[in-house]
Amino acid sequence: MPFHLPAELAQQPTPFYYYDLPLLDQTLAALTAAARPGNFQVHYALKANSNLPILQRIRAAGLGADCVSGGEVQRALEAGFAPDHVVFAGVGKSDAEINRALAADIFCFNAESVPELRVLNELAAAQGRVARVALRINPNVDAHTHAYITTGLEANKFGISLQDLAGVIDSLDGLPHVELIGLHAHIGSQITNLTVFAALSRKLNELQTWLEGRGHQLPHLNVGGGLGIDYHTPDEQLIPDFAAYFGMFEQHLQRRPGQQVHVELGRAVVAQCGTLVSRVLYVKESQQVRFAILDAGMTELIRPALYGSHHHIQNLSSQGPELPYDVVGPICESSDTFAKGVLLPETRRGDLVAIRSAGAYGEVMASGYNLREKAPAVYR
Ligand SMILES: Cc1ncc(COP(=O)(O)O)c(C=O)c1O
Ligand SMILES: N[C@@H](CCCC[NH3+])C(=O)O
């Protein structure tokens, strides 16, 4: 179905984020069907979008919450996620964040270093608790995605490198307030070549066998998130191929009897249901370039400026003949550019423009640079 903005929103002051909640529901239905309840436990990565109406629907669909800060843990609990469905990851958890998560008795901390494990042990002891921990390993598997969102290579700051794992496991003997319950890995985001999940599975299989040789049976495996979406032709794949994603793990991951396999998806759940809606302020033509200057910019959606990411752009007001435009924002940075040379129907001041696939890592990464006001969220 082509994108449609409800008529009553055409008069709404711009820019704003528009979220199609029925599409979110359809995505969640496809996701939960593909995960086959009981086969995979799905946690939603709040970092992609943490708006309450969105979280509440995700919780109602039965997903857990994957959080990366104390603020996200708090938001997840506010949205009604049960503490035993909350996992807390992050390479730099502060003492205050750990303390709050311990007090809430969340399901699991994804821990990334011996110094972090020591702090977890100390803070858990002080609260008279035991912190359940999955060790985030750095599997050195290339996710074949943008370098800035690759997380599972040795050069990346994330996780425990395979060479260090034996030492980390040994250190657990002296940490009685930490209980090892699993392994965790997350190799990157916007992954479209799904074979990398086969490589990840094989790495985890080897590690499990090695750990079992050392007497560690792990009830949980968390394979992270990363499933990519179609930014170029969103209407052709509004709902990501969840079955293909889970299929990779079903085929390649050697699950032990009774073991629970967890995934943490963010982008694939919420990206397509969100659109940044903006208005053309000016069309400025020179001999070389025709600029469409929007009232939204990198302050509302930083992905193109930060990663050179592509978002599909539509002029919702014009049917005219197509011309090439550089679509830019009003911010005082040359990188405040959504697209170069994109073909749009002839565009005029006042036209409404939709920047698609903006539900994930859009609003959450907004900034107030240039003293911009935060663009509101509108829901259907
Ligand atoms: C540890 C961790 N888990 C889950 C996610 C969610 O990733 P995605 O939005 O690509 O599914 C991320 C972000 O890349 C992450 O860093
Ligand atoms: N913010 C990134 C994804 C990073 C995911 C977090 N590890 C994006 O917009 O694509």
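Residues numbered from 1 in each chain as written. Chains lettered and ligands numbered in written order. Predicted model: local features only at pLDDT ≥ 70, side-chain atom pairs only at ≥ 80, totals over all residues.

- As recorded in an unreviewed UniProt entry, the chain goes by the name Diaminopimelate decarboxylase, listed as coming from Hymenobacter perfusus.
- Listed under Catalytic activity (unreviewed entry) in UniProt, the entry text for the chain is "meso-2,6-diaminopimelate + H(+) = L-lysine + CO2".
- The record in UniProt for the chain states the following under Sequence similarities (unreviewed entry): "Belongs to the Orn/Lys/Arg decarboxylase class-II family. LysA subfamily." (UniProt positions renumbered as here; feature names shortened; annotations may be inferred.)

Focus on the site of ligand 2
Turning to step 1, where the next piece is worked out: As a structural note, the neighbourhood of ligand 2 is formed by Lys47, Ile149, Thr151, Ser189, Gln190, Arg303 and Tyr361.
Turning to step 2, where the next piece is worked out: Of the residues belonging to the shell around ligand 2, the class tally is 2 nonpolar, 3 polar and 2 charged. (Near = placed C-beta within 6 Å. Nonpolar A, V, L, I, M, F, W, Y, C, P; charged D, E, K, R; others polar.)

Quick notes on the domain arrangement of the chain
Turning to step 1, where the next piece is worked out: Taken as a whole, the chain is organised into domain 1 (21-271) and domain 2 (272-379).
Turning to step 2, where the next piece is worked out: Taking only C-alpha atoms into account, the centre of domain 1 sits 33 Å from that of domain 2.
Turning to step 3, where the next piece is worked out: Elements with a contribution of two residues or more to the side of domain 1 that touches domain 2: α1 (21-35) and α9 (267-270).
Turning to step 4, where the next piece is worked out: Sorting elements by how many residues they give to the side of domain 1 that touches domain 2 places α1 first, with 4 residues. (Domains from an automatic or database assignment. Helix = DSSP H or I, 4+ residues; strand = E, 2+ residues; numbered from the N terminus.)

Let's talk about helix α8 (residues 242-252)
Turning to step 1, where the next piece is worked out: Those residues of α8 that fall on the buried side of the exposure criterion are Phe242, Tyr245, Phe246 and Phe249. Down the axis, α8 shows its buried residues gathered within 85 degrees of arc, on one side only. More than 90 degrees from the buried face of α8, the exposed residues found are Ala244 and Gln251.
Turning to step 2, where the next piece is worked out: Contacts made by the buried residues of α8 are with α1, β2 (40-45), α7 (195-213) and β10 (260-265). (Buried ≥ 20, exposed ≤ 12 C-beta atoms within 10 Å, placed from the backbone. Arc of directions from axis to C-beta. Contact = placed C-beta atoms within 7 Å.)

Some details on the site of ligand 1
Turning to step 1, where the next piece is worked out: Around ligand 1, 16 residues are found, and the nearest of them are Ala45, Ser189, Gly225, Gly266 and Arg267.
Turning to step 2, where the next piece is worked out: Within the residue set of the shell around ligand 1, elements represented by two or more residues are β10 and α9.
Turning to step 3, where the next piece is worked out: A breakdown of the residues in the shell around ligand 1 according to their chemical character gives 6 nonpolar, 7 polar and 3 charged.

Considering the packing of helix α4 (residues 95-104) against helix α5 (residues 114-126)
Turning to step 1, where the next piece is worked out: The geometry of α4 relative to α5 is characterised by a closest axis approach of 10 Å and an angle of 50 degrees between their N-to-C directions. On the basis of the axis angle, α4 is oblique to α5. For the element pair α4 and α5, the recorded crossing hand is right-handed. Across from Asp95, Ile98, Asn99 and Leu102 in α4, the residues of α5 making contact are Val119, Leu120, Leu123 and Ala124.
Turning to step 2, where the next piece is worked out: Of the residues in the contact of α4 with α5, the class split is 6 nonpolar, 1 polar and 1 charged. (Axes fitted to C-alpha atoms, helices over the stretch in contact; angles between N-to-C directions. Parallel < 35°, antiparallel > 145°, perpendicular 65-115°, else oblique. Left-handed = near helix turned anticlockwise from the far one by under 90°.)

Some remarks on the environment of Pro53
Turning to step 1, where the next piece is worked out: With respect to the element layout, Pro53 can be found in helix α2 (residues 52-60).
Turning to step 2, where the next piece is worked out: For Pro53, a count of 13 C-beta atoms within 10 Å puts it in the partly exposed group.
Turning to step 3, where the next piece is worked out: On a C-alpha basis, the gap between Pro53 and Glu78 in space is 11 Å, while along the polypeptide they are 25 residues apart.
Turning to step 4, where the next piece is worked out: When residues no more than four places from it in sequence are discounted, the contact partners of Pro53 are Leu21 and Tyr379.

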